[in-house]
Amino acid sequence: MTQSSTGGKGAGAVLGTATAATGLVAGIWFAYGCSVMPALARSDDRVYVEVMRNINDVIQNPVFFTPFFGALLLTAVAAWQHRTSRARGWTWTALALYTAVFVVTSAANVPLNDALAAATDPVRARADFEGPWVAWNLVRAVLTVAGFGCLLRALAVRSAPDPRRDAR
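Here's what I pulled together on the structure shown here.

1. Description of the layout of surface pockets
The calculated volume of the largest pocket comes to roughly 390 Å³. As for the largest pocket, its lining consists of 21 residues, and the residues nearest its centre are Asn56, Ile59, Gln60, Val110 and Asn113. Breaking the lining of the largest pocket down by element, the ones donating at least two residues are helix H2 (9-41), helix H3 (45-58), helix H4 (62-81), helix H5 (88-118) and helix H6 (122-159). With 8 residues, the top contributor of residues to the lining of the largest pocket is H5. Split by residue class, the lining of the largest pocket holds 11 nonpolar, 6 polar and 4 charged.

Listed below in structure tokens is the structure:
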């Protein structure tokens, strides 16, 4: 296996880092889906709105933003680096899936967060927020996990011996 057939050693590091970042983001959405939102569902409206507002404030930090934006950027770079390798299809599919995550977050979850932050009636705010936000979080969780799986497969394909090359 030559470096040109796999995108080079640096390409492997980029792909591995993209995979790790995507896995971290998948874990965040998963944690919301299986623990944070079900726990908040037990709260009264005022507490629910207050806690979600606090979460939406504190999540805007470098510890979250680094993997969230990094997964998109690194997956795009990995897809480009592997455009002629056997990992090509997996990296481009992962990029498409994570791009969809970015769009869902930007077009659905963030506007819901903004509306929650501006709301004055906690009963109405929760009624408008909870169902749609949870549903869109599930969508982005599934998309991110699928993208993570594609990146894991890209790593495996990239590392496996090339039977076409070995047959020569």
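2. Let's talk about the environment of alanine 117
Within the secondary structure, alanine 117 sits in helix H5. The class of alanine 117 is exposed, set by a relative accessible area of 53%. The spatial distance from the C-alpha of alanine 117 to the C-alpha of alanine 96 is 30 Å, given a sequence separation of 21 residues.

3. Section: the pattern of salt bridges
For side chains of opposite charge, pairing can occur when their charged atoms come near one another. Inspection of every chain in the model, using the stated rule, returns 4 salt bridges. With a closest N to O distance of 3.2 Å, aspartate 45 and arginine 126 form a salt bridge. In this pair, aspartate 45 sits in helix H3 while arginine 126 sits in helix H6, placing the two residues 81 residues apart along the sequence. Here aspartate 45 falls in the partly exposed class, since its relative accessible area comes to 26%. The salt bridge partner of glutamate 50 is arginine 46, with a shortest N-O separation of 3.0 Å. Of the two residues, glutamate 50 and arginine 46 are both situated in helix H3; the distance of 4 residues between them amounts to about one turn of the helix. Under the relative-accessibility criterion, glutamate 50 is labelled partly exposed at 42%. One network of salt bridges, in which partners are shared, links Asp45, Arg126 and Glu130.

Rules used throughout
- Residues numbered from 1 in each chain as written.
- Predicted model: local features only at pLDDT ≥ 70, side-chain atom pairs only at ≥ 80, totals over all residues.
- Heavy atoms only, no water.
- 1 Å grid on protein atoms, 1.4 Å probe; cavity = no way out; pocket = protein on both sides within 12 Å on 5 of 7 lines; lining within 4 Å.
- Points joined across faces, edges and corners; volume = space filled by probe spheres on them.
- Helix = DSSP H or I, 4+ residues; strand = E, 2+ residues; numbered from the N terminus.
- Nonpolar A, V, L, I, M, F, W, Y, C, P; charged D, E, K, R; others polar.
- Buried < 20%, exposed > 50% of the residue type's maximum accessible area, 1.4 Å probe, protein only.
- Salt bridge = Lys/Arg side-chain N within 4 Å of Asp/Glu carboxyl O.

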